[in-house]
Amino acid sequence: MPNITSNGSGQKTPSVISDLSGVAETGAYKGRSQWRLAWDRYRRNRLAIVGLLLLAAIIGLVACAPLLATYDPNAIDYNYVRKPPNSQHIFGTDNIGRDIYSRVLWGGRDSLRVGMLAVVISIIGGVALGLFSGYVGGFVDAVIQRFVDLTFAFPNILLLLSIVAILGPNLTTVLIAIGISGIPGYSRLMRGSVLQALNTEYVLSARLVGAKDVRIMFRHILPNVLTPIIIYGTLGLGGGIMITAGLSYLGLGAQPPAPEWGAMLNLGRTYMRSAPWMSIYPGLAVSLAVLAINLIGDGLRDAFDPKNR
Amino acid sequence: MFQFLLRRLFGLVLVLLGISFLVFAISKVTPGDPVKMMLGNRATPNDIARLRLQLHLDDPLLVQYTKYMWGVLHGDLGRSYRGQTPVLQEILLRVPASIELGTAAFLFALLVGLPAGLIAARNHNGLLDGLVMLFAQVAISVPEFWLAIVIVIVFGVQLGWIPITGGVGLKSLIAPAFCLGIGPAAVLARLTRSSVLEVLQEDYVRTARAKGLRNVLINYRHIMRNALIPVVTFLGLLFAGLIGGAVFIEAVFARPGLGRFAILAINARDMPQVQGIVMFGAALYVLMNLLVDILYSVIDPRIRIT
């Protein structure tokens with residue numbers, strides 16, 4: 001019921017305003033930020049929650065590798081060569097007696113770390129490039145965009161192989177290669193956002209008032225493009241992990257005796273007949289990690305999708 | 001239409017030029033002296049100087065680049081560091097195997113992915129939709145090289161159903177094509193599903209239904225034609241990507257294709273070969289893109305205007 005109060009002149013007016021403020025004070029109505037709204041939507045998506053839990057489990061296991069690993073990942077033991085999974089070695093042993101379970105746990109650190117760092121490189125580089133290109137505009141922008149288009153004309157794997165050919169095959173090279181190859185994608189995204197934002201009134205007025213360019217970039221443009229970057233970054237993380245494993249599998253990434261998942265698969269290929277467990281478990285680890293990340297990415301995309309609002 | 005084609009071809013030439021420049025730059029940046037690699041450790045400084053002169057390695061970079069491009073235009077991609085065989089010849093030797101595998105995987109992806117996406121769209125939010133999408137998600141997440149290994153272990157080693165390595169003939173294509181094609185099939189299914197669902201929301205579909213158009217077949221003309229536009233684009237790019245990008249599968253199944261050739265060349269630091277493969281692969285990809293664009297403009301008349 002609206003509160004009926006009287007003002008000074010003796011008239012009775014419904015005071016809706018004081019009504020609402022009363023409600024606000026009790027906390028019955030509390031505005032939810034867009035992040036909170038997205039999280040609520042995400043929570044309802046069962047697959048997305050599964051993905052989150054799975055990834056948390058994987059990260060937890062891998063992070064606790066020093067505690068959970070039963071053997072030293074590089075400990076060679078010629079007495080237990082190519083033993084199938086048993087009570088001592090949960091995932092079996094490889095061709096020189098190393099425990100596969102421990103190697104999978106320790107190797108996860110490399111794979112996850114490279115994947116994450118590569119995505120970070122891509123995002124930072126792409127955002128910086130796109131922001132700069134879009135804001136500066138003109139000839140510089142056109143030249144940079146032509147270059148970006150050129151990289152899109154390349155099949156991604158060839159670009160990666162080229163970079164590895166230059167820098168030599170090791171895990172750091174793979175990290176740099178994947179990071180670099182991701183930059184054009186994010187720069188496009190960022191540039192689109194910048195061009196969109198440049199036309200808005202608040203940016204125009206900010207410029208009129210004399211706000212410095214950098215401030216405009218950070219305060220007005222960046223927050224709007226955060227959402228697609230988060231989504232693509234998540235999906236890119238999964239891709240990064242898979243490509244890292246892939247390049248290591250080809251011998252172009254982590255070099256032996258590093259227990260990286262892809263390198264383990266490479267080693268396991270020779271022993272497909274005699275010790276299939278050497279290949280099954282590392283690959284399973286990669287699949288589960290990527291699956292978890294993809295589920296999260298999908299969940300995020302659906303949570304932020306304006307059509308679902 | 002003609003103007004459209006002309007503009008596209010011009011763009012194609014520019015892109016190829018840019019790629020060739022990139023590739024050339026890559027080969028010049030790579031550490032390692034090619035002459036020493038070719039002649040070995042016992043080469044005298046005289047030999048080295050002579051070979052360098054012969055290969056024009058001391059000429060200014062721009063001259064080297066021009067000479068290289070001139071060669072490319074005449075079909076000469078240089079000679080391998082090991083064995084001196086012409087690069088182009090070696091590439092062409094590997095191409096048929098790659099095309100074979102690429103086409104097989106493409107057909108698999110098309111025949112599995114497209115119907116799957118359509119079924120999922122029809123059953124929107126139903127059990128079938130959820131199942132298909134879950135399966136697709138798993139298929140995308142599993143690395144193809146691991147899937148290849150698992151399949152070889154299960155079907156080759158344990159059950160002995162399929163030949164394991166190398167091999168010619170159709171039977172040896174089944175496993176590699178499946179491994180290579182299942183990922184794209186999943187992506188295709190997801191794309192088709194979302195595209196169809198989007199089209200179903202459109203006004204013209206509602207109009208067609210309101211008009212009481214005769215039967216579902218005519219609705220297919222409205223729905224499918226429009227929904228398939230992004231699908232066709234994807235298929236074109238997929239085909240191009242499959243031919244050059246089957247690197248992992250070729251490694252597992254020991255197939256003599258371009259991807260495996262590239263890996264061997266990189267490991268041996270054979271830069272002319274790497275250069276040639278990258279050029280070839282990129283050119284093929286760009287060409288396919290152009291074809292897809294043309295096809296796209298044929299299907300969707302709105303594109304021709306821009």
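Note that this is a predicted model, so its numbers are computed, not measured.

Cut-offs used in this document
- Residues numbered from 1 in each chain as written.
- Chains lettered and ligands numbered in written order.
- Predicted model: local features only at pLDDT ≥ 70, side-chain atom pairs only at ≥ 80, totals over all residues.
- Helix = DSSP H or I, 4+ residues; strand = E, 2+ residues; numbered from the N terminus.
- Buried ≥ 20, exposed ≤ 12 C-beta atoms within 10 Å, placed from the backbone.
- Contact = placed C-beta atoms within 7 Å.
- Nonpolar A, V, L, I, M, F, W, Y, C, P; charged D, E, K, R; others polar.
- Axes fitted to C-alpha atoms, helices over the stretch in contact; angles between N-to-C directions.
- Parallel < 35°, antiparallel > 145°, perpendicular 65-115°, else oblique.
- Left-handed = near helix turned anticlockwise from the far one by under 90°.
- Expected span 1.5 Å × (residues − 1).
- Arc of directions from axis to C-beta.
- pLDDT = per-residue confidence, 0-100.
- Core = buried A, V, L, I, M, F, W, Y, C linked by C-beta atoms within 7 Å.

## Focus on the overall build of chain B
Consideration 1: When helices and strands are counted, chain B shows 14 helices and zero strands.
Consideration 2: Taken from N to C terminus, the helices and strands of chain B fall in the order α-α-α-α-α-α-α-α-α-α-α-α-α-α.
Consideration 3: Counting the 306 residues in chain B, one finds 35% classified as buried.
Consideration 4: A separation threshold of at least 6 residues defines the contact pool for chain B, and within that pool the share at least 24 residues apart is 72%.

## Points about the overall build of chain A
Consideration 1: When helices and strands are counted, chain A shows twelve helices and two strands.
Consideration 2: N-terminal to C-terminal, the α/β element order of chain A is β-β-α-α-α-α-α-α-α-α-α-α-α-α.
Consideration 3: For chain A, long-range pairs separated by at least 24 residues make up 65% of all intrachain contacts whose partners lie at least 6 apart in sequence.

## A few points about the interface of chain A and chain B
Many analyses report the size of an interface as the accessible area lost when the parts associate.
Consideration 1: Between chain A and chain B, the residue contacts involve 32 residues of the former and 37 residues of the latter.
Consideration 2: Listing elements by their share of the side of chain A that touches chain B, those giving two or more residues are α6 (138–153), α7 (156–167), α10 (213–249), α11 (261–270) and α12 (277–304) of chain A.
Consideration 3: Considering every element that reaches the side of chain A that touches chain B, the biggest residue donor is α12 of chain A, with nine residues.
Consideration 4: In terms of residue class, the side of chain A that touches chain B is made up of 23 nonpolar, seven polar and two charged.

## Here we look at unusual backbone geometry
Residue and element names in this part refer to chain B.
Consideration 1: In this structure, N125 takes a positive phi of about 65° despite not being glycine.
Consideration 2: Structurally, N125 is set in the loop between α5 (87–122) and α6 (127–141).
Consideration 3: The class for N125 is exposed, based on 8 C-beta atoms found within 10 Å.

## Here we look at the packing of α6 of chain B against helix α8 (residues 171–201) of chain B
All names here are of chain B.
Consideration 1: Running from amino to carboxyl end, α6 crosses α8 at an angle of 140°, the nearest separation of the two axes being 8 Å. Considering the angle they form, α6 stands oblique to α8. Between α6 and α8 lies a crossing whose hand is left-handed. Each of V132, M133, A136, A139 and I140 in α6 lies in contact with α8, whose residues at this interface are I182, G183, A185, A186, V187, A189 and R190.

## Quick word on helix α3 (residues 46–63) of chain A
All names here are of chain A.
Consideration 1: For α3, which comprises 18 residues, the first-to-last C-alpha distance of 26 Å matches the rise-based estimate of 26 Å (1.5 Å per residue) to within 8%.
Consideration 2: Every buried residue of α3 is accounted for by A48, G51, L55 and V62. Seen along its axis, α3 keeps its buried residues to an arc of 65°; they face one direction. Facing away from the buried side of α3, by more than 90 degrees, are the exposed residues R46, A56, A57 and G60.
Consideration 3: Tucked into the core, α3 has its buried residues touching α2 (34–44), α4 (65–68), α5 (100–136) and α12.

## A look at the packing of helix α12 (residues 258–267) of chain B against helix α13 (residues 271–299) of chain B
Between two packed helices, both the angle of their axes relative to each other and the distance between the axes serve to describe the pair.
All names here are of chain B.
Consideration 1: Contact geometry for α12 and α13: axes closest at 9 Å, N-to-C directions at 150°. Comparing their axes, α13 and α12 come out roughly antiparallel. When you trace α12 past α13, the crossing you get is left-handed. Taken together, the residues of α13 that come into contact with α12 (itself represented by L258, F261, A262, A265 and I266) are Q273, V274, I277 and G281.

## Let's talk about the confidence of the model for chain B
Consideration 1: With 84% of its residues at a pLDDT of 70 or more, chain B has an overall mean of 78.
Consideration 2: The ipTM assigned to the predicted complex is 0.76, against a pTM of 0.79.

## Remarks on the nonpolar core
Nonpolar side chains tend toward joint burial in soluble globular proteins.
Consideration 1: Counting residues in each nonpolar core, the largest one holds 143 residues, and the members touching the most others are A148 and A262 of chain B.
Consideration 2: When sequence neighbours within four positions are dropped, the list of residues in contact with A148 of chain B reads C179, I249, V252 and F253 of chain B.

## What about the environment of G179 of chain A?
All names here are of chain A.
Consideration 1: Considering the arrangement of structural elements, one finds G179 in helix α8 (residues 171–198).
Consideration 2: Judged by local crowding, G179 falls into the buried class, with 22 C-beta atoms found within 10 Å.
Consideration 3: Each C-alpha atom of the pair G179 and G240 lies 8.5 Å from the other, and the pair is 61 residues apart in sequence.
Consideration 4: Ignoring anything within four residues of it in the chain, the contact list for G179 reads A118, I121 and S122.

## A short note on the confidence of the model for chain A
Consideration 1: In the predicted model, chain A carries a mean pLDDT of 79, and 86% of its residues have values of at least 70.
Consideration 2: Throughout residues 1–11 of chain A the model reports pLDDT below 50, and contacts reaching past four residues in sequence, or to other chains, amount to 15 contacts.

## As for the environment of I218 of chain B
Consideration 1: The residue I218 of chain B is located in helix α10 (residues 216–244) in this model.
Consideration 2: Sequence separation of I218 of chain B and A208 of chain B is ten residues, and the distance between their C-alpha atoms is 8.8 Å.

## Concerning the environment of P282 of chain A
Residues and elements named next belong to chain A.
Consideration 1: Along the chain, P282 turns up in helix α12.
Consideration 2: With 31 C-beta atoms packed within 10 Å, P282 lands in the buried category.
Consideration 3: The residues touching P282, leaving out its near neighbours within four places in the chain, are V104, G107, W261, M264 and L265.

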